[in-house]
There are 2 protein chains.
Amino acid sequence: MDMIQQPASALDFRTTPENYKHWSISIEGPVARLIMAIDEDSPSAAGYELKLNSYDIGVDIELYDAVQRLRFEHPEVRVVVITSGIEGMFCAGANIRMLGLSSHSHKVNFCKFTNETRNSIEDASNFSRQTYISALNGTAAGGGYELALATEYLMLIDDGNAAVSLPEVPLLAVLPGTGGLTRIVDKRKVRRDLADVFCTVEEGMKGKRAVDWRLIDEMVPRSKFDARVTEKATELAVESDRPKGENGIRLERIERVEEDDVIRYPHVLVSLDRTARTATMEIQAPASDAPVDVVALKEEGAKFWPLAVIREIDDALLHLRFNEPTLGTLIIKTSGDGSRIAAYDDLLVANQDNWLVREILLYMQRTYKRLDVTSRTTFAFVEPGSCFVGMLADLLFAVDRSYMLDGQMDDRPAPEICLSELSFGALRMPNGLTRLETRFLGESDSLKNAHALVGQQLDAQAALDAGLITYAPDDIDWEDEIRLLLEERASFSPDALTGMEANLRFAGPETLETKIFGRLSAWQNWIFQRPNAAGESGALKLYGTGRRAVYERGRV
Amino acid sequence: MDMIQQPASALDFRTTPENYKHWSISIEGPVARLIMAIDEDSPSAAGYELKLNSYDIGVDIELYDAVQRLRFEHPEVRVVVITSGIEGMFCAGANIRMLGLSSHSHKVNFCKFTNETRNSIEDASNFSRQTYISALNGTAAGGGYELALATEYLMLIDDGNAAVSLPEVPLLAVLPGTGGLTRIVDKRKVRRDLADVFCTVEEGMKGKRAVDWRLIDEMVPRSKFDARVTEKATELAVESDRPKGENGIRLERIERVEEDDVIRYPHVLVSLDRTARTATMEIQAPASDAPVDVVALKEEGAKFWPLAVIREIDDALLHLRFNEPTLGTLIIKTSGDGSRIAAYDDLLVANQDNWLVREILLYMQRTYKRLDVTSRTTFAFVEPGSCFVGMLADLLFAVDRSYMLDGQMDDRPAPEICLSELSFGALRMPNGLTRLETRFLGESDSLKNAHALVGQQLDAQAALDAGLITYAPDDIDWEDEIRLLLEERASFSPDALTGMEANLRFAGPETLETKIFGRLSAWQNWIFQRPNAAGESGALKLYGTGRRAVYERGRV
């Protein structure tokens, strides 16, 4: 039955609005409408149709792209209204037949990506000040309602029929998989007993009760729906601090050349070793000096090195996640002349209030978060010729372990690293802390000390003393130590590593995001492989067959 | 292979030190030594031997009992030293052969109980001021080290051999299951990259590095070990506020009579309906007035109604969890004259500084937490003749939903509920909030309003208006509504319900406890059923056979 082990061809996360099959964007002044009209005949894999605005990974790839482009290409947009182009149905959620046909691995990765996209919608509302609201012109069921929950204001059409619902538990024996449970009790603060009721009512809720329980913000009569949506959007647009009279920058298609064991981007080189089961991502320093100011930065557009490199890292991470599941260890390296990076960092730090710089930093933050929640082991190797400086140095604190060569090797100069202010505020983990705050939870002096080192070139001993790297082998030990490390890691159970890493990476406070990735996802992964959901007589498998699922009754 | 689906006979959580097979307690002045010398020939089920101080549920039942008794029976004990009675080995952790033979359900329940016991150790250190420390006179591996992590100070003998380790990932393809991952990064604040290293080194760590990384607090030479342990214990004893010159109260054996579908305790009646798959716990009001003061309370000892009833609830919850896994819904009812309860509550509230009252309230809190983390649906039914008053009223906020009859039924008087101060501070959930704070996260006015209602008799409408109950059907609807509710709940997938409830119950902040139960446990449950651990070629199954596990290499 497991047909969608991997799609027939590799998933490609690059797209443009001109190529969308399922979404369209319509912009009027400060308000954009993001309209979902899913083409049921264009699923990402064979075996199912995307009926009733139900989605699969292909639909979400477009949504992800649209959210990104609205931020960068449309500084004038202050409010984004998500709505449906299909009569009477906002969105029916993830396609159930697709889930029933999918491998465990695809289900988990699909949920992770859709969660990241919903988080990016909240990130846009909260930090880009491009506020998302939902114009629910029909029923929002399951993942459809969860998508709406990621927006800041939910308006439901009062047509006697449309409702919001999370029918996963009663209907499918799985959980709402894109943050719904967490968002209703933590974001919308629905009382837990009412949430319990809501999540067990297949047909969902509407009307006054839905408003009273805080499941939606407003019911709007059909005749006034469009006018009221426009009114609300216009009202919210006033509150935004997004600029007026600025042009956006075009996110050009990311260039990528794939060879057998190498993926080449302009600034990122990914090497795949299928025997050792590793992927090595080498990030290259800028080839030219930083622009002198924000005006010059804007002229560079998507070619501005920090933005270009982050887009490539983002694409590479998604590619590896979906298309290379057996490469269990991701190695991060850097190369090139790091001396230029400091100027790029300085420009970003000095102009954090500029809308475009803000977008670039937020995108960097989101991409690094994708690394935080990756289900791969992550190592960084600091070798001669590397450039872990500033924004790239923060990657040393995102990985599970870092190794830095102590001294020279083969007459190549000893590597150095260099921190910038970006590691002390702009780049936060899902737990809300910077990576160095998380790293030094038990050592506030180390955090202060690290801050004092900003801008200084640190050799391996200095980095080790400051607690910034894990190990610093010298040239005699380096090769053996790295080889043994990779062999050992590859010998462990992939599942146990995923669980271990997920638990060690997020000390300290918890947020909506850590709850979704740390708790909700773990429960969902568990349920996704229980016979009651995924077995041959499980609810997910039997959905639509007319046969009732048969459940094992033991409570665990 | 799944032999330990359920032990041959039902597990009984009642024991006394005289019957311990694996532990002994030795008390000198303010310092108790809790000595683990596990009898390898006394496992809880057939098929394995408890070698090298490795434990199973039977060992942990004794530990749980010892921790409880030290609190109540020994007010003079201010420090508890956990140590081993076996040469060179503190504790090897959970018995691996037992885990390999266990059903998924037993593994999960076993981990949950051991986690609760370790949490109760921290609860004793932090709130009973009976501080636990570890005298690691030999290696502490896996669950053995996790037990030590639940104590506040770890001393490791320097004998050239003894180490601390979490070898689960490399050795068994599962996670350390009793909070180890969370406690190293969150409690001991071990740096995450060092934690990653530590958790992949089978043989563990010792010496200066173990101290530098905060894995232990102190290495002590063999020749000085006993003296140093005594010195440290004596030093910590001084800081405790436990009373001098007080006698403890004896925790008499809990009386329990089991019939086919009924379990009778003096104050709790549990009725089992195996067709409807429900267990109904009816808690009975006190039969006599509250004692007039703390002196009189102490004379009542373990018969003091709040303590007696909590002990019975605790035992009943554990019994149902392990011995009745298919009863998926737990219904809580109360009966009797509630007018007496207020006086008990007042006595407890007024004397919270008294060591015994403090113990009773902490025990109540721990027991209610067991309900919070139960993997059963929990409902409360407020019917005529019920007494949801004070400490029992808090149960209304622990359950997933509550139903209160609106008005009379069959000429029996309309039920009322009544809050006491206990719901506003003394009884906290694992997330650190009171149940009403969690319930009203989105409505601070409702919280204030509820506080103003303390001591007032509230009928169903008043309770509904105050947001204190979920539904208030009248006598015409009551029976149908309850019947449909129970039928519907029984028709859902048990796994999906467990996951849903675990996610809805803990809005708001996260703590070590919610991380352990919400996140760590969910990951562990997932891994426990992955083929890499539990399959016929999985590491857990093959341990000790000399055969190497074969892993699926996909990372999920």
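Computed from a predicted structure; not experimentally measured. (Residues numbered from 1 in each chain as written. Chains lettered and ligands numbered in written order. Predicted model: local features only at pLDDT ≥ 70, side-chain atom pairs only at ≥ 80, totals over all residues. Heavy atoms only, no water.)

## Description of the overall build of chain A
- The helix and strand inventory of chain A stands at 21 helices and 20 strands.
- Dimensions along the principal axes, computed over C-alpha positions, put chain A at roughly 75 × 60 × 45 Å.
- Evaluated residue by residue, chain A yields a buried proportion of 66% over its 556 residues.
- Sequence-distant contacts in chain A: of pairs separated by 6 or more residues, those separated by 24 or more amount to 75%.
- Of the roughly 18,800 Å² of accessible surface on chain A, 48% is carried by carbon and sulfur atoms.
- Between the mean site of the 62 positive side-chain charges and the mean site of the 86 negative ones, chain A shows a separation of 8 Å. (Helix = DSSP H or I, 4+ residues; strand = E, 2+ residues; numbered from the N terminus. Buried < 20%, exposed > 50% of the residue type's maximum accessible area, 1.4 Å probe, protein only. Contact = heavy atoms within 4.5 Å. Areas by Shrake-Rupley, 256 points an atom, 1.4 Å probe, with all protein chains shown as cover. Lys, Arg positive; Asp, Glu negative; His and termini not counted. Charge placed at Lys NZ, Arg CZ, Asp CG, Glu CD.)

## Remarks on the relation of the copies chain A and chain B
- For these two chains of identical sequence, chain A goes onto chain B by a turn of 180° and a shift of 0.0 Å along the axis, with RMSD 0.0 Å. The relationship between the two copies is best expressed as a two-fold rotation axis.
- Interface overlap between copies: 100% of the residues of chain A at the interface are likewise at the interface in chain B, consistent with a symmetric, same-surface contact. (Least-squares fit on C-alpha atoms with pLDDT ≥ 70 in both.)

## Considerations on the packing of helix α3 (residues 104-128) of chain A against helix α19 (residues 512-528) of chain A
Residues and elements named next belong to chain A.
- Direction vectors running N to C along α3 and α19 enclose 160°, while the axes themselves pass 11 Å from each other. Considering the angle they form, α3 stands roughly antiparallel to α19. Note that α3 runs across α19; the crossing there is right-handed. Touching His104, Lys107, Val108, Cys111, Lys112, Asn115, Glu116, Asn119 and Glu122 of α3 are Leu512, Glu513, Ile516, Phe517, Ser521, Asn525 and Phe528, all from α19. (Axes fitted to C-alpha atoms, helices over the stretch in contact; angles between N-to-C directions. Parallel < 35°, antiparallel > 145°, perpendicular 65-115°, else oblique. Left-handed = near helix turned anticlockwise from the far one by under 90°.)

## Quick notes on helix α13 (residues 355-372) of chain B
- In a regular helix each residue adds 1.5 Å, so 18 residues correspond to 26 Å; α13 of chain B covers 25 Å between its end C-alpha atoms and thus fits that length.
- Put simply, asparagine 354 of chain B is the residue that caps the front of α13 of chain B, since its side-chain oxygen is 2.8 Å from the backbone nitrogen of leucine 356 of chain B. (Expected span 1.5 Å × (residues − 1). Polar contact = N/O pair within 3.5 Å; in protein donor to acceptor, adjacent residues only side chain to side chain.)

## Quick word on a negative patch on the surface
- A cluster of acidic side chains, namely Asp410, Asp411, Asp475, Asp477 and Glu479 of chain A, defines a negative patch on the protein surface.
- Residue aspartate 410 of chain A is classed as exposed on the basis of its relative accessible area, which comes to 67%. (Patch = residues over 30% accessible without salt bridge, like charges linked within 9 Å, V, L, I, M, F, W, Y side chains within 5 Å. Salt bridge = Lys/Arg side-chain N within 4 Å of Asp/Glu carboxyl O.)

## Some details on the sheet that holds strand β10 (residues 164-165) of chain B
Residues and elements named next belong to chain B.
- Strand order in this open sheet of 3 strands is β5-β8-β10, and the pairing throughout is parallel. Sheet topology places β5 (88-91) and β10 at the edges, where each strand pairs with a single neighbour.
- Where strand β8 (residues 138-141) and β10 come together, 2 bridges link them in parallel fashion. Counted as the bridge partner of alanine 140 is valine 164 from β10. (Pairing = 2+ DSSP bridges.)

## A few points about the interface of chain A and chain B
- Tallying the contact residues gives 88 residues for chain A and 88 residues for chain B.
- Between chain A and chain B lies a buried interface of about 8,400 Å² when both sides are counted; carbon and sulfur atoms form 54% of it.
- Scanning the region where chain A abuts chain B turns up 18 salt bridges.
- The partner of glutamate 443 of chain A in a salt bridge is arginine 214 of chain B, with the nearest N and O atoms 3.0 Å apart.
- Applying the counting criterion to the chain A and chain B interface returns 60 residue pairs in polar contact (both at pLDDT 80 or more).
- Broken down by secondary-structure element, the contributors of at least two residues to the side of chain A that touches chain B are α3, α5 (168-172), α6 (180-187), α7 (192-198), α17 (478-491), α18 (494-504) and α19 of chain A.
- Among the elements that make up the side of chain A that touches chain B, the one with the highest residue count is α18 of chain A (11 residues).
- The residue inventory of the side of chain A that touches chain B, partitioned by class, reads 40 nonpolar, 22 polar and 26 charged. (Buried area = accessible area lost by both parts, 1.4 Å probe. Nonpolar A, V, L, I, M, F, W, Y, C, P; charged D, E, K, R; others polar.)

## Considerations on the environment of leucine 464 of chain B
All names here are of chain B.
- Its place among the elements puts leucine 464 in helix α16 (residues 460-465).
- The partly exposed category is assigned to leucine 464, whose relative accessible area is 29%.
- Expressed as a C-alpha distance, the spacing of leucine 464 and phenylalanine 388, which sit 76 residues apart in the sequence, is 14 Å.
- Setting aside residues no more than four positions away along its own chain, leucine 464 makes contact with Ile469, Thr470, Tyr471 and Ala472.

## Comments concerning unusual backbone geometry
- For asparagine 53 of chain A, which is not a glycine, the phi torsion comes out positive at approximately 50°.
- Classification of asparagine 53 of chain A as buried rests on a relative accessible area of 0%.
- A positive phi angle, close to 65°, is found at aspartate 411 of chain B, a residue other than glycine.
- Topologically, aspartate 411 of chain B is positioned in the loop between β19 (401-404) and β20 (417-418).

## A word on the pairing of strand β14 (residues 268-273) of chain A
Residue and element names in this part refer to chain A.
- Side chains Val268, Val270 and Leu272 project from β14 onto a buried face, and the interleaved Leu269, Ser271 and Asp273 project onto a face without burial.
- Note: strand β13 (residues 262-264) against β14, 3 bridges, orientation antiparallel. Its bridge partner being in β14, arginine 264 is matched across the sheet by leucine 269.
- From the end of β13 to the start of β14, which pair antiparallel, there are 3 residues.
- As defined by bridge partners, β14 adjoins strand β15 (residues 278-284) across 6 bridges and the pair is classed as antiparallel. When the sheet's bridge partners are listed, aspartate 273 is paired in β15 with threonine 278.

## Concerning the sheet that holds β13 of chain A
Residue and element names in this part refer to chain A.
- The mixed open sheet is built from 7 strands, whose spatial order is β12-β13-β14-β15-β16-β17-β19. Each edge of the sheet is formed by a strand with only one pairing partner; in this case those strands are β12 (257-258) and β19 (401-404).
- Note that strand β16 (residues 329-335) and strand β17 (residues 377-382) share 4 bridges and pair parallel. Bridging from a neighbouring strand, threonine 329 pairs with threonine 377 of β17.
- Against the sheet, helix α11 (residues 305-323) engages β12, β13, β14, β15 and β16, with an angle of about 170° to β15.

## Let's talk about the packing of aromatic side chains
- Under the definition given, this model contains 30 aromatic pairs over all chains.
- When the ring of tyrosine 55 of chain A is compared with that of phenylalanine 110 of chain A, the centres are 6.0 Å apart and the planes differ by 40°; the resulting orientation is tilted. Of this pair, tyrosine 55 of chain A sits in strand β3 (residues 54-55) while phenylalanine 110 of chain A sits in helix α3; the two residues are 55 residues apart in sequence, bridging distant segments of the chain. The burial state of tyrosine 55 of chain A is the same as that of phenylalanine 110 of chain A; both residues are buried.
- Put simply, the rings of Phe379, Phe381, Tyr403, Tyr471 and Trp478 of chain A touch in pairs and so form one group of aromatic residues.
- Between the NZ or CZ atom of lysine 232 of chain A and the centre of the ring of tyrosine 153 of chain A, over which it lies, the distance is 4.0 Å.
- Its guanidinium or amino end placed over the ring of tryptophan 213 of chain B, arginine 209 of chain B lies 5.2 Å from that ring's centre, counting from NZ or CZ. (Phe/Tyr/Trp six-rings, centres within 6.5 Å; stacked < 30°, edge-to-face > 60°. Lys NZ or Arg CZ within 6 Å of the ring centre and 35° of its normal.)

## Topic: the pairing of β19 of chain A
Residue and element names in this part refer to chain A.
- In β19, alternate side chains face the same way, and those of Arg401 and Tyr403 on one face and Ser402 and Met404 on the other are all buried.
- Of the strand pairs in this sheet, β17 and β19 are connected by 4 bridges, and their pairing is parallel. The partner of valine 382 across the bridge, within β19, is methionine 404.

## Regarding α3 of chain A
All names here are of chain A.
- Between its terminal C-alpha atoms α3 stretches 35 Å, which fits the 36 Å expected from 25 residues at 1.5 Å a residue.
- Within α3, 23 of the 25 residues are buried, which leaves it mostly tucked inside the rest of the structure.
- Just past α3, the residue arginine 129 takes up positive phi, approximately 60°.

## Remarks on the environment of methionine 429 of chain B
Residues and elements named next belong to chain B.
- Relative to the assigned elements, methionine 429 resides in the loop between β20 and α14 (435-439).
- Separated by 128 residues in the primary sequence, methionine 429 and glycine 301 place their C-alpha atoms 26 Å from one another.
- Not counting residues up to four positions away in its chain, the partners in contact with methionine 429 are Lys369, Asp372, Thr434, Arg435, Thr438, Arg505 and Phe506.

## With respect to the pattern of salt bridges
- One pass over the structure, following the stated rule, counts 110 salt bridges over all chains.
- For glutamate 73 of chain A, the salt bridge goes to arginine 250 of chain A, with nearest N and O atoms at 3.9 Å. With a gap of 177 residues between them, glutamate 73 of chain A in helix α1 (residues 57-73) and arginine 250 of chain A in the loop between α9 (225-239) and β12 connect regions that are remote in the sequence.
- Note that arginine 435 of chain B is salt-bridged to aspartate 394 of chain B, the shortest N-O span being 3.0 Å. Here the residue arginine 435 of chain B occupies a position in helix α14, and aspartate 394 of chain B occupies one in the loop between β18 (388-389) and β19, the gap between them amounting to 41 residues.
- Ionic contacts of the salt-bridge type, sharing partners, join the residues Arg192, Asp196 and Arg555 of chain A together with Asp400, Arg401, Arg489, Glu501 and Arg505 of chain B into one network.

## Things to note about the side chain of asparagine 354 of chain A
All names here are of chain A.
- Residue position: asparagine 354 is located in the loop between α12 (341-350) and α13 (355-372).
- The buried category is assigned to asparagine 354, whose relative accessible area is 19%.
- Within the structure, the side chain of asparagine 354 is placed 3.1 Å from the backbone nitrogen of valine 357, a separation counted as a polar contact.

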